[in-house]
Each structure stands twice: as C-alpha cells, then as structure tokens.
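Chain by chain, the residues run as shown.
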Amino acid sequence: MNKVQLGSSDLQVTPICLGTMTFGEQVSETVAHAILDRSLERGVNFLDTAEMYSVPARAPTFGATETIIGNWFAKNPGVRNKLVLATKVAGPSRGMPWVREGSGMTAADIVASCNASLKRLQTEAIDLYQIHWPERHVPAFGMVYYDPSRERSATSIHEQLEAMGSLVKAGKVRAIGLSNETPYGVHEFVRLAEQHGLPRVAAVQNPYCLVNRTLENGLDETMHRLGVSLLAYSPLGFGLLTGKYDQSGTEGPDAPKEGRIAKFESVRKQRWGRPEALAAARRYNALARDNKLTPTQLALAFCYTKWQVASTIIGVTSVAQLDEDLDVYGTKLTPEVLAEIDKIRWDARDPAL
C-alpha cells in the first residue's frame, strides 16, 4: 500500500487504518495484541483509538483500549516508531459522566485528556489528536436536523485550537484532527487556524459507507477545497454490510450473538439498528452476491477506491477478520456495479446517517 499524506501535515499513512474500539469489550488484550501484531506484519502503519473506548462506552472500560495499546507498545520496543498513532479527546459528555467532570469540553479538559491518553498509551507523543465530536451542538450520531435552541456551547473553536496548539508546541501532539464534524465546523477550524497562526486541521474522521454517504452532501467539497483528508469510519456499517444479519435480522434467537448490533441493545437503538438501514444493507449485499463478490468485498472496495477517502478505518474482532478486510484492498468495482450502487442510494438514501 502506498502511503498518503494527511492534509498539509507531515503524517504519511497507509490507506487502511486499524480501528480499535472493540479492544477491551469484545476483544481481550491477548487477542488485541495478536491483531496488532498481524496488522503491522501486513504493512498497516496507522492506528486509531480514543480515550472513551471501548465501545459501547461504559465506566468500567473507559480508557481500556488505550491501555491495551500502551501495553503492546511496552511489550514490543521499537514498534511505536513504526506507527502513526491517532487518538481522540471526547467532546461534551453524552450521558457519560465518567469521562470528565462537567458537561462541556474546556481547553483545560483537552490538555488533561491528552496527558491521560499519553500515560495510558505509554508514549511521549500522539501523532494525530482529534476532537471526537464537536463541543457545540450539531446533528450527529443519528440526529438529522440542526436545532439552534439546543446550543449550549461554552468553549469557542478559537479556545479549542489554542489548547491544541499548546499541545503541539509542547511536543505532545504532532497534528490535529476533528471527528463527526460538519462543513461549518471544518471551515471555521481552518479559518481560525490560518488567522491566528494555530495548528491547521489535517483530517476529519466521519462515518462513510454504503448506508451513510452523507459526506457527499457538501462536506466532501469543503474538505477537498481546504485540503483536509477524510478518515472514513464504519465502512461496514457496524456489520450490516457483511451480510451476517441478512437472514436473521439484528435481534432474536437467530441473530449472530457476537455481532455488535445483536450483542448490544444500546447499539440497536442507534442509527445502525434502524430497520431502514438493514433493508438498504440487504440490497447492497444482494448486489455484491449477484456480481460474485462478498458483501464485505463490495462495501470495503467502495471505500478503498473513492477519491474522497484518504484512509479507511477497519474494526475487527479477530485476526481472520483483519486478513479478510486487508485482502479486499486492490479490488476494483466495475462502472456497472457502481451505477447499481448509486441506484440503490437514490432509492434508499442514507438510512444510517
């Protein structure tokens, strides 16, 4: 895999990134370390985590994923220098009081979270430090409409940038990024960075997959024109696009018990658990089979080959899943298949937005 540059930063990453939110909940530390070993062996140099992981978020597993990764670094001297490490500071508490005191995300919170992540990760610096979700109110995580009456912002974007800038100046962070952002947010972070000589956003990590292509409703133009890279998360729609729920549905005795949507009621209540999302996924999965592809191959090849995507974040629970996802790289979809994908999207739109 040829490496790609993230925005205007000096970070060079592989077009596939290993996501780790399953570590510490669905994946034990032993298996997680085996996955990390194999990922590095297969040439992936990009690793993404977050302070709030594992997922689903629970107080007992807060910070568990970073701790598992830190233990792997400690066990394998020299490995840290081979990787681009990304993690995230959680935005304002979304029913997670264990993340921090208070409901917002202050400049002091950003610095404190970074220091805590560095300690858990057992590293001196984070290559890409991202704001997990905006401090201001935005329609995200399944919300559809912006509602000005819900605005409770207390820390300006300028203040957030200054805090991130202090971490860069201290050598604790190399580059900064955003996640679950909107076109307005990306523009404002870039504008203020350029106006005040603060770190410029290198990448935005947003959902992008066959059942959620909302990025293409304007955010892709924003990022292209501003030179900000996309890190696409949930390319398999939390498992909907693997086909494993096609026959059983997402709940009930026949649903795959280890699948995230089936296993966790909290996930079924989110966008990935919508009946419309499963209905659309079944159509994409059928399209894959009709063209002698597995659903996973269709979904990942779609992300791997889109011009909008710099790196696709894959989440796995086993070494076998990792190999399956990596083996898809290089698969090309024909113009006819891409046209059929767009026909389904025109009808189904983005049910997991």
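Structural data are supplied above this passage.
Residues numbered from 1 in each chain as written. Predicted model: local features only at pLDDT ≥ 70, side-chain atom pairs only at ≥ 80, totals over all residues. Heavy atoms only, no water.

**Thoughts on the overall build of the protein**
Point 1. For the protein, the count of helices and strands is 12 helices and 10 strands.
Point 2. Taken over the C-alpha trace, the protein has a radius of gyration of 19 Å; the compact-globule value for 353 residues is 20 Å, and the two agree within 12%.
Point 3. In terms of principal-axis extent, the alpha carbons of the protein reach across some 55 × 45 × 40 Å.
Point 4. In the protein, buried positions account for 57% of the 353 residues.
Point 5. In the protein, of all internal contacts separated by at least 6 residues, the share reaching a separation of at least 24 is 76%.
Point 6. Carbon and sulfur atoms provide 51% of the accessible area of the protein, an area that totals close to 14,900 Å². (Helix = DSSP H or I, 4+ residues; strand = E, 2+ residues; numbered from the N terminus. Rg over C-alpha atoms; globule rule 2.2 N^0.38 Å. Buried < 20%, exposed > 50% of the residue type's maximum accessible area, 1.4 Å probe, protein only. Contact = heavy atoms within 4.5 Å. Areas by Shrake-Rupley, 256 points an atom, 1.4 Å probe, with all protein chains shown as cover.)

**Side note on empty space enclosed by the protein**
Point 1. Applying the stated criterion across every chain yields a total of 1 cavity of 30 Å³ or more.
Point 2. Every residue lining the largest cavity is listed: Leu-18, Leu-36, Ser-39, Leu-40, Val-44, Phe-46, Leu-47, Trp-72 and Leu-83.
Point 3. At the level of elements, helix H1 (29-41) and strand E4 (46-48) are the ones that each hand at least two residues to the lining of the largest cavity.
Point 4. When the residues that make up the lining of the largest cavity are grouped by side-chain class, the tally is 8 nonpolar, 1 polar and no charged. (1 Å grid on protein atoms, 1.4 Å probe; cavity = no way out; pocket = protein on both sides within 12 Å on 5 of 7 lines; lining within 4 Å. Points joined across faces, edges and corners; volume = space filled by probe spheres on them. Nonpolar A, V, L, I, M, F, W, Y, C, P; charged D, E, K, R; others polar.)

**Digging into helix H10 (residues 295-305)**
Point 1. Of all the 11 residues making up H10, 9 are buried; the element is thus mostly covered by neighbouring parts of the structure.
Point 2. Among the residues of H10, Pro-295, Thr-296, Leu-298, Ala-299, Leu-300, Ala-301, Phe-302, Cys-303 and Tyr-304 are the ones counted as buried.
Point 3. Where H10 is buried, its residues meet strand E3 (16-19), helix H9 (275-290), strand E10 (309-315), helix H11 (319-327) and helix H12 (335-348).

**Let's talk about the sheet that holds strand E8 (residues 201-207)**
Point 1. Spatially, E3-E4-E5-E6-E7-E8-E9-E10 is the arrangement adopted by the 8 strands of the closed barrel, whose pairing is parallel. In this sheet, adjacent strand axes meet at a mean angle of 30° when their direction is disregarded.
Point 2. Summarising the sheet, E8 and strand E9 (residues 229-233) pair through 5 bridges and their orientation is parallel. The residue bridging Pro-207 from the neighbouring strand is Tyr-233, located in E9. (Pairing = 2+ DSSP bridges. Axes fitted to C-alpha atoms, helices over the stretch in contact; angles between N-to-C directions.)

**Comments concerning the pattern of salt bridges**
Point 1. Taken as a whole and judged by the stated rule, the model has 27 salt bridges.
Point 2. Across the pair Asp-48 and Lys-88 runs a salt bridge, and its minimum N-O distance is 2.8 Å. Here Lys-88 lies in strand E5 (residues 84-89) and Asp-48 lies in strand E4, a separation of 40 residues in the sequence. An identical accessibility class is assigned to Asp-48 and Lys-88; each is buried.
Point 3. What you see here is one network of salt bridges that share partners, running through Arg-213, Glu-216, Lys-306, Asp-342, Arg-345 and Asp-350. (Salt bridge = Lys/Arg side-chain N within 4 Å of Asp/Glu carboxyl O.)

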